[in-house]
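Descriptive analysis of the structure
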Amino acid sequence: MIDFNLLVCSMPALLRGLLVTLKIAALGCTIGMSLGTLLGILQALGPRIGRWIVTLYVTLIRGTPMLIQIICVFYVLPQFGIRIPTFWAATLAIGLNSAAYISQVIRSGIASVSRGQIEAARVLGLSNGTIIYLIILPQAVRAVLPALGNEFITLVKDSSLASTIGVAELSKEGSLIRSRTLDAFTVFFGVALLYLIVTTALSLCVAYLERKMNPDAQN
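Scope of this entry: the structure provided in the associated data block. (Residues numbered from 1 in each chain as written. Predicted model: local features only at pLDDT ≥ 70, side-chain atom pairs only at ≥ 80, totals over all residues. Heavy atoms only, no water.)

On to the pattern of salt bridges, then. A full pass over the atoms with the stated rule returns two salt bridges. Taking the shortest distance from any N to any O, the salt bridge between Arg-16 and Glu-173 comes out at 3.9 Å. Pair noted here: Arg-16 is in helix H1 (residues 4-45) and Glu-173 is in helix H7 (residues 170-181), with a separation of 157 residues, a long-range link. For Arg-16, a relative accessible area of 48% translates into the label partly exposed. (Salt bridge = Lys/Arg side-chain N within 4 Å of Asp/Glu carboxyl O. Helix = DSSP H or I, 4+ residues; strand = E, 2+ residues; numbered from the N terminus. Buried < 20%, exposed > 50% of the residue type's maximum accessible area, 1.4 Å probe, protein only.)

Encoded structure:
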């Protein structure tokens, strides 16, 4: 049975961990969106060597577990003189992992943009940068918004892997409370509930944005 007294007493620590989880997810998503967008553009519109480099990066990241990537950033980089605090090591690894997936989402969004629009913009004398920024990206992002929202929701859940290197995020706080109270059911019920609340809220926000950006879909 759920010990509601324990659940209430544990909430301050769990909420503190949830805040760390959201920070990791938000910063990781920022890294992933920034780098992933650049990689997606390079793979869709760049020279052949650029496409090969992106393909190699995506294959490497998607073909290895995120846990291994976090461990490599935290334990391997110091052997080359690069020391990163635990929070930033986890955030960087999660962001780099997300970039690989987002790059493919952006690439598919770019592919959905009519080539006729691009050719027309070139005829009008617009530069490649202007075409990408004003014509291609807005349409690409609108087309793949649900996939991008799902990626951010996934980052919230994947942030639990940061606990493996000692980051006190939500699941780590839950494990610490469980080790003291020996009541795993109550503690992890609270952890799961907080994850569910956050992911549900994010899903509703993405659905709202999708309706706003695609008003024709409501008809």
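Having seen it, we continue.
Tracing the chain through its elements places Thr-186 in helix H8 (residues 184-213). According to the relative accessible area criterion, Thr-186 is buried, its value standing at 1%. Within the structure, Thr-186 has its side chain in polar contact with the backbone nitrogen of Asp-3 (distance 2.9 Å). Reaching out from Thr-186, the side chain makes a polar contact with the side chain of Asp-183 at a distance of 3.0 Å. Those residues in contact with Thr-186 that sit more than four places away from it in its chain are Met-1, Ile-2, Asp-3, Leu-6 and Leu-7. (Polar contact = N/O pair within 3.5 Å; in protein donor to acceptor, adjacent residues only side chain to side chain. Contact = heavy atoms within 4.5 Å.)

Moving on: the packing of aromatic side chains. Applying the stated criterion across every chain yields a total of two aromatic pairs. Seen in terms of ring centroids, Phe-74 and Tyr-75 are 4.9 Å apart; in terms of plane orientation they differ by 80°. Their pairing is edge-to-face. Here Phe-87 and Trp-88 contribute two aromatic rings whose centre-to-centre distance is 5.2 Å and whose plane-to-plane angle is 90°, an arrangement assigned as edge-to-face. (Phe/Tyr/Trp six-rings, centres within 6.5 Å; stacked < 30°, edge-to-face > 60°.)

Our next topic: helix H6 (residues 128-158). Residues spaced three or four apart along an α-helix face the same direction, because each turn holds 3.6 residues. With 31 residues, H6 ought to run about 45 Å at 1.5 Å a step, yet its terminal C-alpha atoms sit only 36 Å apart, falling short of that. Of all the bends in H6, the greatest reaches close to 65° and is centred on Val-144; the proline Pro-146 follows between one and four positions later. (Expected span 1.5 Å × (residues − 1). Bend = angle between axes of the 7 residues up to and from the residue.)

The next subject is the environment of Asn-150. The residue Asn-150 is located in helix H6 in this model. Using a relative accessible area of 48% as the deciding quantity, one classes Asn-150 as partly exposed. Separated by 56 residues in the primary sequence, Asn-150 and Val-206 have C-alpha atoms spaced 8.5 Å apart.

On to the nonpolar core. Core analysis: the biggest nonpolar cluster contains 29 residues, and Val-167 and Leu-170 have the highest contact counts within it. Of all the secondary structure elements, the ones that give two or more residues to this core are H1, helix H3 (66-76), helix H4 (86-111), H6, H7 and H8. Per-element accounting of this core gives the leading share, eight residues, to H1. What Val-167 contacts, discounting residues up to four positions off in sequence, is Val-20, Ile-24, Thr-86, Phe-87, Ala-90, Ala-162 and Lys-172. Counting residues in hydrophobic clusters, the runner-up holds 16 residues, among them Ile-41, Ile-106, Ile-135 and Ile-136. (Core = buried A, V, L, I, M, F, W, Y, C linked by side-chain atoms within 4.5 Å.)

This part covers a nonpolar patch on the surface. A grouping of Leu-67, Ile-68, Ile-71, Tyr-75, Val-76, Phe-80 and Ile-82 is seen on the molecular surface, where their side chains present a nonpolar patch of about 620 Å² in accessible area. Secondary-structure assignment places Ile-71 in helix H3. Residue Ile-71 is classed as partly exposed on the basis of its relative accessible area of 32%. (Patch = residues over 30% accessible without salt bridge, like charges linked within 9 Å, V, L, I, M, F, W, Y side chains within 5 Å. Areas by Shrake-Rupley, 256 points an atom, 1.4 Å probe, with all protein chains shown as cover.)

Even without a glycine there, the phi angle at Leu-182 is positive, about 60°. Its place among the elements puts Leu-182 in the loop between H7 and H8. A residue is classified by how much of its surface remains accessible, and Leu-182, at 71% relative accessible area, is exposed.

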